[in-house]
Structure formats: C-alpha cells, structure tokens
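Listed here are the chains, written in short residue letters.
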Amino acid sequence: MNFAGRLVLGTIVVLLLAVAVLVGTSEVSLRRDLESDIEQSLEHEALLVREALPADSLLWQTAIRRISREDGHRITLIDLTGRVRAESDLIGDSLPRMENHLSRPEVQQALSGVTGVNRRESNTLGRPLIYVAVPGGPGAIRVAATLDQVDAIVHRAQRSVLFAALLALIFGSTLAFFAGRSIARPLTAITAAARSIAAGTLPKFPRSGVPDIDLLVRALREMNGQLNERFDELRRERAESRALVESMVEGVLAADGRGRILTANPAARRLLGYSPEEPFPELPQLFRAKGAREIVDAALEGESVPAREVELDGHTVIMSARPLPAGGAVLVIHDVTDLRRLETVRRDFVANVSHELKTPLTSISGYAETLLEDRPDEATTQRFLAVIHANARRMQRLVDGLLDLSRIESGGWSPRPELLDATAILRETWSLFAGRAAQADVRFRTSVSKDAGQVWADADATRQILTNLFDNALRYTPRGGEISAGTVREGDGVRLTVSDTGAGITREHLPRVFERFYRADPARSREEGGTGLGLAIVKHLAEAHGGSAEATSELGGGTTINVSLPDPR
C-alpha cells in the first residue's frame, strides 16, 4: 500500500476509534446526568405527594391516582411493615395481593429516615424503573419512573454523534487523501531521483513546499553532489591505475578466487601470446611450466610469492604473485630474456676482449723481456721490435674498433648523409688496399648501376663500411682471386655490395657473422690480424642510416656482403 493509502486508512482508523470512544463516553455521561435529573425530579415529586396526601387513609388511593395521571409517574404508599397501602397503577382490587415491599432497598432507606434510590426491573410492570422513596405518609412514599425516556434521549444523541462522525469521517478521509497525495507526490519524485542516482543518470529533485520534505530533498541533492565528486575521483583514479597498468612493460594478470582472469594488460597478452580479443583460460591452466604453476597455486591459496626466475616458452621471466584481500591473486611477469642475453653478451664480450688482448700482450711482454734480459744482436732486436710493433698496432686497431662500436651503439654518433658518387668512393677506399691486393695477386672490379650512381650516406661512415668489407674480403681471398664492389637500385634505396671469391662461410656460421668477435675461422682470422669487430661495425653503421646489412655465402663459393642504404626522405 502506498503512502496516500496508508494515510487515508490511518485517518479512518483514528476517526473510528475517536467515534467509538466519543459514543461510549457520551452515552455513559449523558445517561448518568439524565438519571440524576430524574432522581431529583422524583424526589421533589415525592415530597409534593407527601404534602398533598389527605389525612384520611381511605382517600389515599384516589389522591395518588390523580397525581399520577397529572405527572405520569407511578406512586406507591408503603407502611412501616412493608405492606402497600396505595398504588397508582393498581388494577382492580389487587392491592391486598401485592407482595410486601419491606425488602426493597429504597423502602428500607426511606423507613430509616433518609431518601432511598434504586434502579431495577419492576416485578409488577416488567420494565426497568428508577425508584425514589422518602419518609412520609403511612411510612414511605415512593415515586417511580421508567427509563424509556432516558433511553430515547441517549439513542437520539448517539444517532446525532454517529451522523456527525460519519460526516467527519468523509471529510477527514477526503482531506487525508489529498494531503497524502500532496505528500506522496514529492516522495515518489524523491524515490525516482534516488533511483536515478543509483542508475548514474541525472536526477530531478522535486519542490514540495513541505519543510521536512524539502530538508530531505536538500540532503539528497547534497548527497548526489558528494557522490558525483567521489565517483569522478574514483573514475579518475581508476583511469590512472588502468593507464599505469596498460603502460607497464611487465605483464600483469589479476584473477578472482576461482582463478578466472579479470584483468590482463597488453604486456601480459604479448608475452603469453594472446591477441587483444582472445579469451584467457583460467589462471591454473594458463601455464605449462612447472615453476609458474607452483607460483599460481601458492598465490591462489593466499601465499605471497617473491620474485622468482622461471623459464616460460623460450623466455626467461621473473614472476611474483600476491593474493588479493577478497580472494584471487595478482601475478606480475617481467620478461628478462633480453637482459639475460645482454648479460651473456657482456660476459662473452669481456672474455673475448680479454682473449683478444691477451695474445698481443703476451707477445709484447715476452719479446720485451727478451730484449731487456738477453740483449740479442741488431738483426734479432729489429725482428723482435717489429713483432712488438705489429702486436701494438693490433691492440690499437682493437681498441679503436671497440671505441667506434661503443660510440655508435650509445647514440653518441649520428650520420650526416649527403649524396656521394658511388664509383668515386669505391675507388677511393680501394686505393688504400691496392698495394696489398697487388702483392696477393687479387683483382678488383667495380660495377655501378646507372640508377644507383649516387648514394645518400655519411661519407666517413661509408668509407669505414667499405674499409672493413675490403679488409675482410682481401684477408680471405686466395692468390689469383677477385674482389668486386658495386651498387644496385633496390626499392627506395641503394644496395652496396662487396663480393669475394674466397673459401666462403658454412651455413651454421652465417647468421652470426655480424656479432662482435665472432669468427667462422678463428685461427686464420687471428693469423691475419683481424679484430672480429669489422662486420659488427658495418651492421651498426648501416642501421644508423636506417638501412641493414646481410651476408650470403656458400662454402668454397665466396662471400657477398650487402649493405642497404635508403634514399633521402
């Protein structure tokens, strides 16, 4: 039942209770007052009868009958023994047969000298009467009147009260109905506003004109404003947290207590091989690696797992997990594969540098000690000094190569490209090796395409690329062989090519020839004085130009190095 209905029903109940109480109390009060008035009237009448009663007892019957006809009340004369001496309502000669009235309470009181009053049903008339008896006459004079008049007056009053109550009930219910509607309408509007607040839509607040309801509306409006501010703050914090998680390089997974994944950032999807739309399985079934499953099980059981290194599908990752207060867990995955690879490269680099420096240092130290201690002849001294000088130059080339490579990798150097004449720079760079080539009987040939006559590149970097490529080619090309260099148009750039007719490189070594210190034939390379850094420098210089470097070779069929240099943009 709505508010208006309850208000109308409550009003009706209150009015009915009020009418019931009013009717009950008015009946008792009215009846008591009327009966008191009748008692006084009957007592006054009894006193008048006592004064008007004749001295002759034979006339008593006639006198009281006459008086009774005038006032309509029953009059009875009773002697001291209780015998009825006269009765106004006597029929025929029934007076001797009337019962003795000495036991009547009002008669006893009158005979004792005081006015007696009693209400009871008359044995003679069979109706309720009110009896008033006063001392006098033969003993007591009693006057009685029926209560029919009292009942009629009370009933009329009750009907009047009930009619007035009915009118009050009708008007009160109507007023309660309209009052309830006037109050219920703003309450209904307040309910709609509260539902709009809960749904996140714009609420409409009513104006009722009722102070208490207006206070409620004002409080609701203030609450809505505070909720909006808090929701905006929560949304802002949530957006910031989401942006932070989305931008993390570590993979983040959040799962509920049943293992269902609720949140997965792009790094986690990329690391685990899932597309943005592809659903995840439950967390316990996500990993096949034993170490990862152990971490997941521990976290779902409520245990925090510190960072632990795990091998995961060919990747080395560091995983940590923390349980959530409401059940579930957050899993953080950090891919350290590149870091571990760099650590391996660093260890290999230190080992290679140490190894590369150890050989010339050993030679320099040994020959220098011999010169200091044995003091050989002039020819031997010159030969020892030549060895020391050669190893010192080898160390110098190694240090220069390392410095160049470090400068390029660290970003401390950037190319300054310009248009270079391909034929001119090829011949200019080769001129540095022409003497060595002539001694080794190695021919040199250039082949520059018409559409690739110019190269967009840094001049010094291009010379260094060609120097390293010519040096390697000349070192591995046998006597009577040939080295060719040229340019070819390739897409949006020029491909610079250096080929030789040397022994070539086996297939298993080919992918690693651009790694620093990597040698397909270490013994021959060191014998020829190579540092193992030339091709690594070539690759980094090409990539600094936005290009690339690749090698093709067959065992016994020579080697070709291709360097792609893009056109200006």
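It should be noted that the structure appears before, not after, this text.
Since this is a predicted model, take the numbers as computed values, not measurements.

*Asks:* When you look at the overall build of the protein in this model, what are you seeing that I'm missing?
*Replies:* What the protein contains, in helices and strands, is 14 helices and 17 strands. Each of the 569 residues in the protein was classed as buried or not, and the buried ones make up 37%. Within the protein, contacts between residues at least 6 apart in sequence are counted, and of these 57% link residues at least 24 apart. Total accessible area on the protein is roughly 33100 Å²; 55% of this is exposed by carbon and sulfur atoms.

*Asks:* I would appreciate a short explanation of the sheet that holds strand β10 (residues 329–335) in the present structure.
*Replies:* The strand order β7-β6-β10-β9-β8 describes an open sheet built from 5 strands, whose pairing is antiparallel. The open sheet terminates on both sides in strands that have one partner only, identified here as β7 (261–264) and β8 (305–312). Taking the axes of each pair of neighbouring strands and ignoring which way they run, one obtains an average angle of 20 degrees across the sheet. With 3 bridges joining them, strand β6 (residues 251–255) and β7 adopt antiparallel strand pairing. Counterpart to Ala255 in the pairing with β7 is Ile261. Seen against the sheet, helix α7 (residues 290–300) touches β8, β9 (315–323) and β10 and runs at an angle of roughly 150 degrees to β8.

*Asks:* Hey, could you run me through the nonpolar core in this one?
*Replies:* Looking at soluble globular proteins, one finds that nonpolar side chains tend to be buried together. In terms of nonpolar packing, the biggest core is built from 40 residues, with Leu469, Phe470, Val498 and Val563 touching the most fellow members. Contributing elements (two or more residues each) for this core: α10 (422–430), β13 (454–457), α12 (459–476), β14 (482–490), β15 (493–500), α14 (534–544), β16 (548–553) and β17 (559–566). Looking at this core, the element that brings in the most residues is α12, giving 8 residues. The residues contacting Leu469, other than those within four sequence positions of it, are Val498, Leu535, Val538, Ile561 and Val563.

*Asks:* I tried to follow the packing of aromatic side chains on my own but got confused; where do I start?
*Replies:* Aromatic rings in a pair are described by how distant their centres are and how their planes are angled relative to each other. Overall, the coordinates contain 7 aromatic pairs when judged by the stated rule. Centroid distance Trp430 to Phe444: 4.1 Å. Interplanar angle 10 degrees. Geometry classified as stacked. Taken together, the positions of Trp430 in helix α10 and Phe444 in strand β12 (residues 443–448) put the pair 14 residues apart, joining distant regions of the chain. Ring centres of Phe444 and Phe470 lie 5.5 Å apart, and the angle between their planes is 85 degrees; on these two criteria the pair is classed as edge-to-face. Separated by 26 residues along the polypeptide, Phe444 in strand β12 and Phe470 in helix α12 bring together distant segments of the chain. Judged by its relative accessible area of 0%, Phe470 falls in the buried class. By the ring-pair criterion, three or more aromatic residues cluster together here, those being Trp430, Phe433, Phe444 and Phe470. Seen from the ring of Tyr131, Arg120 lies directly overhead, with NZ or CZ sitting 4.2 Å from the centre.

*Asks:* Where do I start with the pattern of salt bridges in this structure?
*Replies:* Side chains that differ in charge, positive against negative, can pair when their charged atoms come close. All told, the structure shown has 17 salt bridges when counted by the stated rule. Between Asp232 and Arg235 there is a salt bridge; the shortest N-O distance is 2.5 Å. With a gap of 3 residues between them, Asp232 and Arg235 both fall in helix α5 (residues 211–247), about one helical turn apart. For Asp232, a relative accessible area of 37% gives the class partly exposed. Of the charged contacts in the structure, one is a salt bridge between Asp567 and Arg489, with a shortest N-O distance of 2.5 Å. Of the two residues, Asp567 sits in the segment after β17 while Arg489 sits in strand β14, which places them 78 residues apart along the sequence. A relative accessible area of 26% places Asp567 in the partly exposed class. Salt bridges linked by common partners bring Glu106, Arg120 and Arg142 together as one network.

Conventions used here
- Within any chain, residue numbers begin from 1 and follow the written order of that chain's sequence.
- Owing to the predicted nature of the model, reporting of local features is limited to residues with pLDDT of at least 70; listing and counting of side-chain atom pairs is limited to 80 or more, with chain, interface and lining totals taken over all residues.
- Hydrogens and water are ignored here; the side-chain numbers use all heavy atoms of the structure.
- Secondary structure counts use DSSP, requiring at least four H or I residues in a row for a helix and at least two E residues in a row for a strand, with both numbered from the N terminus.
- Accessibility here uses a 1.4 Å probe with only protein chains present; expressed as a share of the type maximum, an area under 20% marks a residue as buried, one over 50% as exposed, and anything in between as partly exposed.
- Throughout, a residue-residue contact means that at least one pair of heavy atoms, one from each residue, lies within 4.5 Å.
- Here the open area of atoms and residues is found with the Shrake-Rupley method and a 1.4 Å probe, where only the protein chains shown may cover a residue.
- A strand pair is defined by DSSP finding two or more bridges across the two strands.
- Every angle, taken between N-to-C directions, lies between 0 and 180 degrees, and every axis is a line fitted to C-alpha atoms, over only the stretch in contact when it is a helix.
- Side-chain atoms within 4.5 Å link the members of a nonpolar core, which is a set of buried Ala, Val, Leu, Ile, Met, Phe, Trp, Tyr and Cys residues.
- Any pair of Phe, Tyr and Trp rings, taking the six-membered ring for Trp, is counted once the centres come within 6.5 Å. Such a pair is stacked with planes under 30 degrees apart, edge-to-face with planes over 60 apart, and tilted for the rest.
- Charge-over-ring placement is defined geometrically: NZ (Lys) or CZ (Arg) within 6 Å of the ring centre, and within 35 degrees of the ring normal.
- Salt bridges are identified by distance alone: a Lys or Arg side-chain nitrogen within 4 Å of an Asp or Glu carboxyl oxygen.

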